[in-house]
Amino acid sequence: MIEIEQKWMEQFFFDPVMAAYVLMGAKLDVFQQARLRFYWFCPEVIDSSGVGTGKTEVQFVYLMLRCMLMPGHLAAIYFPNFQTGKDTFWVKFADYEERSPVFAAQFRKGQKADEEKANQRNPGAWIRTFKNGSKLFMPAPDCKEFAFARAVPETVSAEPGVGE
Amino acid sequence: MAFGDSVGHMVKAYQEFYRDGKQELIDGMFTEAEVKLLMTPTSLRPAQYRPDLPLMIEEWKRNFWDAQYDSKSAAIPRAAHRVLLAAFQSASVDFVGGKIVDMEGELGEDEADAALEQAEVAEPERAAHDEFGTDIEGDASMPMPEGGARMPRGGGDLGVFGV
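Here is a short report on the structure shown in this document. (Residues numbered from 1 in each chain as written. Chains lettered and ligands numbered in written order. Predicted model: local features only at pLDDT ≥ 70, side-chain atom pairs only at ≥ 80, totals over all residues. Heavy atoms only, no water.)

**Structural notes on the overall build of chain A**
Under the convention used in this document: In this description a helix means any DSSP run of H or I spanning at least four residues, a strand means any run of E spanning at least two, and both kinds are numbered starting from the N terminus. The classification of residues rests on relative accessible area computed with a 1.4 Å probe and restricted to protein chains. Under 20% of the type maximum is buried, over 50% is exposed, and intermediate values are partly exposed. Any pair of residues with heavy atoms lying within 4.5 Å of one another is described as a contacting pair.
Within chain A, the secondary structure is distributed over eight helices and five strands. Traced from its N-terminal end to its C-terminal end, chain A shows the element sequence α-α-α-α-β-α-α-α-β-β-β-α-β. When burial is assessed residue by residue, chain A has 48% of its 164 residues classed as buried. The long-range fraction of contacts in chain A, counting pairs at least 24 apart against all pairs at least 6 apart in sequence, stands at 61%.

**A few points about the interface of chain A and chain B**
The following threshold applies: Here's the idea: put two parts together, see how much 1.4 Å probe accessible area each one loses, and the total over both is what we call buried area. We define a salt bridge as a side-chain nitrogen of Lys or Arg found within 4 Å of a carboxyl oxygen belonging to Asp or Glu. Think of a polar contact as two N or O atoms within 3.5 Å of one another; within protein, one of them needs to be a possible hydrogen donor and the other a possible acceptor, and neighboring residues in sequence only count if both atoms come from side chains.
Contacts between chain A and chain B engage 29 residues on the former and 31 residues on the latter. Between chain A and chain B, the buried area comes to about 3000 Å², and carbon and sulfur atoms account for 75% of it. Taken together, the links from chain A to chain B amount to one salt bridge. For Glu34(B), the salt bridge is made with Arg37(A), and the minimal N-O distance between the two is 2.6 Å. One can count six residue pairs in polar contact (both at pLDDT 80 or more) joining chain A with chain B. Elements represented by at least two residues in the side of chain A that touches chain B include exactly helix H1 (6–14), helix H2 (16–24), helix H3 (30–41) and helix H6 (101–104) of chain A.

**A closer look at the packing of aromatic side chains**
Counted only if it meets this: Here the aromatic set is Phe, Tyr and Trp, taking the six-membered ring for Trp, and pairing holds for ring centres within 6.5 Å; pairs whose planes are under 30 degrees apart are stacked, those over 60 apart are edge-to-face, and all others are tilted.
Under the defined criterion, the tally for this structure stands at 28 aromatic pairs over all chains. Here Phe14(A) and Trp60(B) contribute two aromatic rings whose centre-to-centre distance is 5.5 Å and whose plane-to-plane angle is 70°, an arrangement assigned as edge-to-face. Of this pair, Phe14(A) sits in helix H1 while Trp60(B) is found in helix H3 (residues 52–62), placing the two residues in two different chains. We classify Phe14(A) as buried; its relative accessible area is 7%. A relative accessible area of 25% means that Trp60(B) is categorised as partly exposed. On the numbers, 6.3 Å between centres and 75° between planes, the contact of Tyr96(A) with Phe103(A) is edge-to-face. Under the relative-accessibility criterion, Tyr96(A) is labelled buried at 1%. The class of Phe103(A) is buried, set by a relative accessible area of 0%. An aromatic cluster is present here, built from Phe60(A), Phe79(A), Phe82(A), Phe89(A), Trp90(A), Phe93(A), Tyr96(A), Phe103(A), Phe107(A), Trp126(A) and Phe130(A) joined pairwise through their rings.

**Looking at the side chain of Asp52(B)**
Residues and elements named next belong to chain B. Following the sequence through the fold, Asp 52 ends up in helix H3. In this structure the side chain of Asp 52 is engaged in a polar contact, spanning 2.9 Å, whose partner is the side chain of His 81. In contact with Asp 52, other than residues within four places in its own chain, are Ile 76 and His 81.

**Focus on H2(A)**
All names here are of chain A. Within H2, nine of the nine residues are buried, which leaves it mostly tucked inside the rest of the structure. Those residues of H2 lying buried are Pro 16, Val 17, Met 18, Ala 19, Ala 20, Tyr 21, Val 22, Leu 23 and Met 24. Remark: Gly 25 follows H2 within two positions and exhibits a positive phi of approximately 70°.

What follows is the structure, given as structure tokens:
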């Protein structure tokens, strides 16, 4: 029988960079590591880093870790342009599923119905459902709304039942 | 994928992650390289190391499995937080001798390396006077101790303390 110590499980929460490497195969540079820790430990973060510094990459890792480690977790990412979200964020699922078997195992596969349920692409929002009940939402922005109404933080991650 | 496969993958990745010894958390939150990066002020931002975070996280770790734990109880008073932050930011400027790493222009994914590299090569400015207001260099009137030079003080030149 395999025994996993409580201490080892705690480490995933105490060191998100290690969790990202072990569970997702994410290799981050020093700057991205520090950024992930700020995302992980600070409830509100404004990231004004420049283009090409890996904001979307680390946001993906951060949201996936929360969904993987907290059953029933609800998270969302919002892009002002839906197509940008599809092209820069959603494609990372395929990348990381190929990179890490542990990450790939988080989603139901095999039956077409299961796969469709795990990866819903509704017009209003794309939704990824994890085996542990967590969900990641990427809603499509409503272009008919005023711009200021869409000016919300890029990422939202909430405890189950809280709703944001 | 079988359960055994996933555990094997995790154990292997865990060993790989800690193999080079660079991933130890020196303050319970950040690695040495991360602290160095965050303590380095740049032209785009001041030093960003926050000493209050590791303190709060240590408290949070101790109560990780306590469902009744209120994280607000670990909050550091705002005044104390400001003192800590100001002290660390001032120390950061001293550490690099007042030189600010230029981060303008195309940096891309090498931003961290660029900051670290420049911080390491920046020559800290030595203090012109010691704590008594005496010129450290070129003051022939000051008697020198036999067998050794006086140690410059202040100015954030950490290298001289090893002399």
